[in-house]
Amino acid sequence: MAYEFITVSIEDAIGIVALNRPKVLNALNLALIDELVAELERLDRDPAIRVIILTGNDRAFAAGADINEMAEESAISIMQKDQFAVWDRMRLISKPIIGAVSGFVLGGGCELMMNCDLIVASETAVIGQPEIKLGVMPGAGGTQRLTRAVGLRKAMEMLLTGEPIKADEALRYGLVNKVVPVEMYFKEALQLAKRIATQPPLAVQAIKKTVHKAEDLPLDEGMDYERNAFYLLLASEDRQEGMKAFLEKRNPHFTGR
Ligand code: HXC
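Every value quoted in this text rests on a predicted model; they were computed, and no experiment measured them.

Asker: How would you sum up the overall build of the protein? Please name residues and give values.
Answerer: A tally of helices and strands in the protein yields 12 helices and 10 strands. Here the C-alpha atoms of the protein give a radius of gyration of 19 Å, agreeing with the 18 Å that 2.2 N^0.38 yields for 257 residues. With the principal axes as the frame, the protein shows a C-alpha extent of 60 × 40 × 40 Å. Looking at the 257 residues of the protein, the share that counts as buried comes to 42%. The long-range fraction of contacts in the protein, counting pairs at least 24 apart against all pairs at least 6 apart in sequence, stands at 68%. Just so you have it, the protein exposes about 14,000 Å², and 57% of that area is on carbon and sulfur atoms. With 30 positive and 36 negative side-chain charges, the protein shows a spacing of 5 Å between the two charge centroids.

Asker: Mind laying out a nonpolar patch on the surface, listing which residues take part and the relevant values?
Answerer: Where nonpolar side chains cluster on the molecular surface, the patch consists of Ile67, Met70, Leu134 and Val136 and spans about 330 Å² of accessible area. Locating methionine 70 in the fold gives a position in helix H2 (residues 67-71).

Asker: Residues and numbers for the sheet that holds strand S6 (residues 104-106), please.
Answerer: If you walk across this open sheet you meet the 4 strands as S4-S6-S8-S9, and the pairing is mixed. In this open sheet, the two strands that pair with only one neighbour each are strand S4 (60-62) and strand S9 (165-166). Sheet topology note: the strand S8 (residues 126-128)/S9 ladder contains 2 bridges and is antiparallel. For isoleucine 127, the partnering residue across the bridge sits in S9 and is isoleucine 165.

Asker: Report on the site of the ligand, specifying residues and quantitative values.
Answerer: Taken together, 22 residues sit near the ligand, with Arg59, Ala63, Ala65, Ile67 and Gly108 positioned nearest. For the ligand, a nitrogen atom lies 2.9 Å from a polar atom in the backbone of alanine 63. Isoleucine 67 places a polar main-chain atom, nitrogen or oxygen, 2.9 Å from a nitrogen atom of the ligand. The protein chains hide 63% of the 1,000 Å² of surface that the ligand would expose on its own. Elements represented by at least two residues in the shell around the ligand include exactly H2, helix H4 (83-89), S6 and helix H5 (108-113). Each residue belonging to the shell around the ligand can be placed in one class, and the counts come to 14 nonpolar, 3 polar and 5 charged.

Asker: Just give me the short version of the domain arrangement of the protein, but keep the residues and values in it.
Answerer: Parsing the protein into structural domains produces domain 1 (6-197) and domain 2 (201-247). Relative placement of domain 1 and domain 2: their C-alpha centres are 27 Å apart. Taken together, the contact pairs 9 residues of domain 1 with 7 residues of domain 2. Of the roughly 690 Å² buried between domain 1 and domain 2, counting both surfaces, carbon and sulfur atoms make up 48%. A per-residue breakdown of the area domain 1 buries against domain 2 is headed by Ser94, Asp117 and Arg148, which together make up 54% of the total. Linking domain 1 to domain 2 there are 1 salt bridge. For lysine 208, the salt bridge identified is with aspartate 117, shortest N-O distance 2.8 Å. The tally of links from domain 1 across to domain 2 stands at 5 residue pairs in polar contact (both at pLDDT 80 or more). Looking at the side of domain 1 that touches domain 2 residue by residue, the classes come out as 4 nonpolar, 1 polar and 4 charged.

Reading the values: the criteria
- Residues numbered from 1 in each chain as written.
- Predicted model: local features only at pLDDT ≥ 70, side-chain atom pairs only at ≥ 80, totals over all residues.
- Heavy atoms only, no water.
- Helix = DSSP H or I, 4+ residues; strand = E, 2+ residues; numbered from the N terminus.
- Rg over C-alpha atoms; globule rule 2.2 N^0.38 Å.
- Buried < 20%, exposed > 50% of the residue type's maximum accessible area, 1.4 Å probe, protein only.
- Contact = heavy atoms within 4.5 Å.
- Areas by Shrake-Rupley, 256 points an atom, 1.4 Å probe, with all protein chains shown as cover.
- Lys, Arg positive; Asp, Glu negative; His and termini not counted.
- Charge placed at Lys NZ, Arg CZ, Asp CG, Glu CD.
- Patch = residues over 30% accessible without salt bridge, like charges linked within 9 Å, V, L, I, M, F, W, Y side chains within 5 Å.
- Salt bridge = Lys/Arg side-chain N within 4 Å of Asp/Glu carboxyl O.
- Pairing = 2+ DSSP bridges.
- Near = heavy atom within 4 Å.
- Polar contact = N/O pair within 3.5 Å; in protein donor to acceptor, adjacent residues only side chain to side chain.
- Nonpolar A, V, L, I, M, F, W, Y, C, P; charged D, E, K, R; others polar.
- Domains from an automatic or database assignment.
- Buried area = accessible area lost by both parts, 1.4 Å probe.

See the structure below:
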């Protein structure tokens, strides 16, 4: 598939998608998001792929929505384009997405990062929601996901001042999983992806979905959801293999059935 604004590569069972508008710090124009979501959906359907990495380059994961494009829009024209319907499709990706981020992670870039299930950041990452400085506010989940991730007070501070935080602070607040030197962030994400790719895919996807339910459901409904997902996994071949391998003292080989 030929894309203009992203590149795609495959390593073992890992699909690697990189944002590719380096001259504008990977500013997210509408066409880039269209390409990105179409590719994530394609990788999600591909049985050979078990984990997805989403990355940018060392200088920028993404410096936000494309301000040139946005400056042209009126409230009505932007609403009619309904760009967030495309963003919403990212929530339905069933395979884990690992964000490998470095440099500027701002505005829509931060919102895109928060669509990832796990995040490895470079020490150089600066992460924030500067929309208020442009007279607007986040529109792709920045107020909702940031608040869930870092808590109400820190989210208020970041959103109302528009000032970004550095990677080590993001780590302290649980906004990212790991911070490593810039030469290492992609390698570290790849290693994590390979580790998860050896796990039974049905369990991986069931866990991803069930953990996300913890953000939406009251505890008793979440517990019910978990229990049903647990029962369902008992019907999988990989469950037979996992338990048999343990009893036979060997490594399991999971097939996703
Ligand atoms: C369009 C952008 C851009 C953006 C950078 N560029 N960010 N173009 N949209 N969001 C372009 C610059 O115009 C410049 O182009 C080139 O990238 C390099 O950027 P510089 O500003 O020269 O680099 P630097 O001085 O290092 O400053 C980096 C920066 C700054 C601090 C990240 O570029 C910046 O503040 N960018 C905007 C960040 C922002 O406000 N993001 C939120 C957007 S609103 P030229 O042609 O001059 O070389 C948003 C809403 C989301 O995201 C809504 C949901 C999708």
